[in-house]
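Take a look at the letters that make up each chain.
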Amino acid sequence: MSYIEFQSVVKKYKMGEIEITALDKTSFGIEKGELVVIVGASGAGKTTALNILGGMDDATSGSVIVDGKDITKLKGRDLIRYRREDIGFVFQFYNLVQNLTAVENVELATQICKHALDPKVVMRKVGLGKRLNNFPSQLSGGEQQRVAIARAIAKNPKLLLCDEPTGALDYNTGKQILKLLQDMSRKENMTVIIITHNQAIAPMADKIIHFKNGVAVDIRKNDNVIPVENIEW
Ligand SMILES: Nc1ncnc2c1ncn2[C@@H]1O[C@H](COP(=O)(O)OP(=O)(O)OP(=O)(O)O)[C@@H](O)[C@H]1O
Ligand SMILES: [Mg+2]
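Source: prediction; values computed, not measured.

A. Seen up close, the packing of helix α5 (residues 141–153) against helix α6 (residues 171–188). In contact at an axis separation of 10 Å, α5 and α6 are set at 20 degrees when each is read in the N-to-C sense. Relative to α6, α5 is oriented roughly parallel. Along this stretch, α5 crosses α6, giving a crossing that reads as right-handed. In contact with Gly142, Gln145, Arg146, Ile149 and Ile153 of α5, α6 contributes Thr173, Gln176, Ile177, Leu180, Leu181 and Met184. For the contact of α5 with α6, the residue count by class is six nonpolar, four polar and one charged.

Here it is in structure tokens:
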């Protein structure tokens, strides 16, 4: 059994009379420490799958096992604890608190976690040791996204989930962010999942999952992982 098991997961959204099937009995497995890239057309169900994995949305049916625990059965406090302790989320548009400094944004997340890392140490790890006391508006887009990544990894989560983390960034900045995520997986053995529209970055991953019409139609292990800095797109 894999570290993460998505098993026959169905997600239907009801909008009045209309029912939308966002996930249609999809299954896949992810190992601990793997860097996974999820690709697929718009509307294929990528974000839905990530949100269910992160405990931010519930499945209509099926099960999602994370580290031996079925998270679809979590309720109330247990579900809150799962989101707080086990999941780090990175969004396309950073979502930083504007009137807190960079390091305070990270501290905000670590205050609610039991096994958190030292915010300053993590800020240094993402290359922002000298920008601790800057406000988000004083940082570039790439730096703000690095703060968002620091905030997510400072929680010391089991899973780092990233939904289009470079979607708002230019080419070179995006590349730096992907390199940081690859380093996290390789050097810290963190399990990292990245959703992207850019198929060309797939060689950076240990595993590539292709979504189509709510199903993971192609799950491929990559035995020839390429460092991000050597990939052109
Ligand atoms: N909260 C919601 N309510 C209703 N329908 C939703 C909701 N979230 C997603 N959907 C629908 O579910 C389907 C899958 O959406 P999802 O956001 O998972 O796609 P995606 O692969 O992430 O697409 P994109 O690449 O555009 O981000 C889409 O048809 C979408 O409209
Ligand atoms: Mg999406």
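Moving on from the coordinates now.
B. Representation of the packing of aromatic side chains in the model. Evaluation of the coordinates by the stated rule reveals four aromatic pairs. Measuring from ring centre to ring centre gives 4.8 Å for Phe89 and Phe91, while their planes differ by 15 degrees; the resulting arrangement is stacked. Judged by its relative accessible area of 30%, Phe91 is partly exposed. Here the aromatic cluster, defined as three or more aromatic residues joined through ring pairs, consists of Phe6, Phe28 and Phe211. Over the ring of Trp233 we find Lys175, and its NZ or CZ is 5.2 Å from the ring centre.

C. How the structure looks around the site of ligand 1. The immediate surroundings of ligand 1 are formed by 13 residues, with Ser42, Gly43, Lys46, Thr47 and Thr48 found nearest. Gly43 places a polar main-chain atom, nitrogen or oxygen, 2.8 Å from an oxygen atom of ligand 1. With respect to ligand 1, the side chain of Thr47 contributes an N or O atom lying 2.8 Å from an oxygen atom. Considered on its own, ligand 1 offers 630 Å² of accessible surface; in the complex 64% of this is hidden by protein. Where the shell around ligand 1 is concerned, the elements lending two or more residues are β1 (4–15), β2 (18–30) and α1 (46–53). Among the elements that make up the shell around ligand 1, the one with the highest residue count is α1 (three residues). Its residues assigned to classes, the shell around ligand 1 comprises six nonpolar, six polar and one charged.

D. Looking closely at unusual backbone geometry. Unusually for a residue other than glycine, Asn95 sits at a positive phi of about 55 degrees. Tracing the sequence through the fold places Asn95 in the loop between β6 (87–90) and α3 (102–110). In this model, Asn156 sits at a positive phi of 55 degrees, which is unusual for a non-glycine residue.

E. Quick peek at the sheet that holds β1. Spatially, four strands are ordered β2-β1-β4-β5 in an open sheet, and the strand pairing comes out antiparallel. Since the sheet does not close on itself, it has two edges, and those belong to β2 and β5 (69–70), each with one partner. In terms of strand pairing, β1 meets strand β4 (residues 61–66) through five bridges, oriented antiparallel. Directly across from Ile4, in β4, lies its bridge partner Val66. Here α1 sits on the sheet and contacts β1, β2 and β4; the angle it forms with β1, its principal contact strand, is near 115 degrees.

F. Structural detail: the packing of α3 against α5. At their nearest, the axes of α3 and α5 sit 8 Å apart, and the two run at 25 degrees to each other. Comparing the axis directions of α3 and α5 gives the class roughly parallel. For the element pair α3 and α5, the recorded crossing hand is right-handed. Taken together, the residues of α5 that come into contact with α3 (itself represented by Ala102, Asn105, Val106 and Ala109) are Val147, Ala150 and Arg151.

G. Main features of the pattern of salt bridges. By the definition in use, this model includes 17 salt bridges. Note that Lys158 and Asp67 form a salt bridge whose closest N and O atoms lie 3.0 Å from each other. Taken together, the positions of Lys158 in the loop between α5 and β7 (159–163) and Asp67 in the loop between β4 and β5 put the pair 91 residues apart, joining distant regions of the chain. Overall, Lys158 belongs to the partly exposed group, its relative accessible area being 25%. Shared partners join several salt bridges into a network, and the residues in it are Asp67, Lys69, Asp86 and Lys158.

Each value, and the rule that gives it
Residues numbered from 1 in each chain as written. Chains lettered and ligands numbered in written order. Predicted model: local features only at pLDDT ≥ 70, side-chain atom pairs only at ≥ 80, totals over all residues. Heavy atoms only, no water. Axes fitted to C-alpha atoms, helices over the stretch in contact; angles between N-to-C directions. Helix = DSSP H or I, 4+ residues; strand = E, 2+ residues; numbered from the N terminus. Parallel < 35°, antiparallel > 145°, perpendicular 65-115°, else oblique. Left-handed = near helix turned anticlockwise from the far one by under 90°. Contact = heavy atoms within 4.5 Å. Nonpolar A, V, L, I, M, F, W, Y, C, P; charged D, E, K, R; others polar. Phe/Tyr/Trp six-rings, centres within 6.5 Å; stacked < 30°, edge-to-face > 60°. Buried < 20%, exposed > 50% of the residue type's maximum accessible area, 1.4 Å probe, protein only. Lys NZ or Arg CZ within 6 Å of the ring centre and 35° of its normal. Near = heavy atom within 4 Å. Polar contact = N/O pair within 3.5 Å; in protein donor to acceptor, adjacent residues only side chain to side chain. Areas by Shrake-Rupley, 256 points an atom, 1.4 Å probe, with all protein chains shown as cover. Pairing = 2+ DSSP bridges. Salt bridge = Lys/Arg side-chain N within 4 Å of Asp/Glu carboxyl O.

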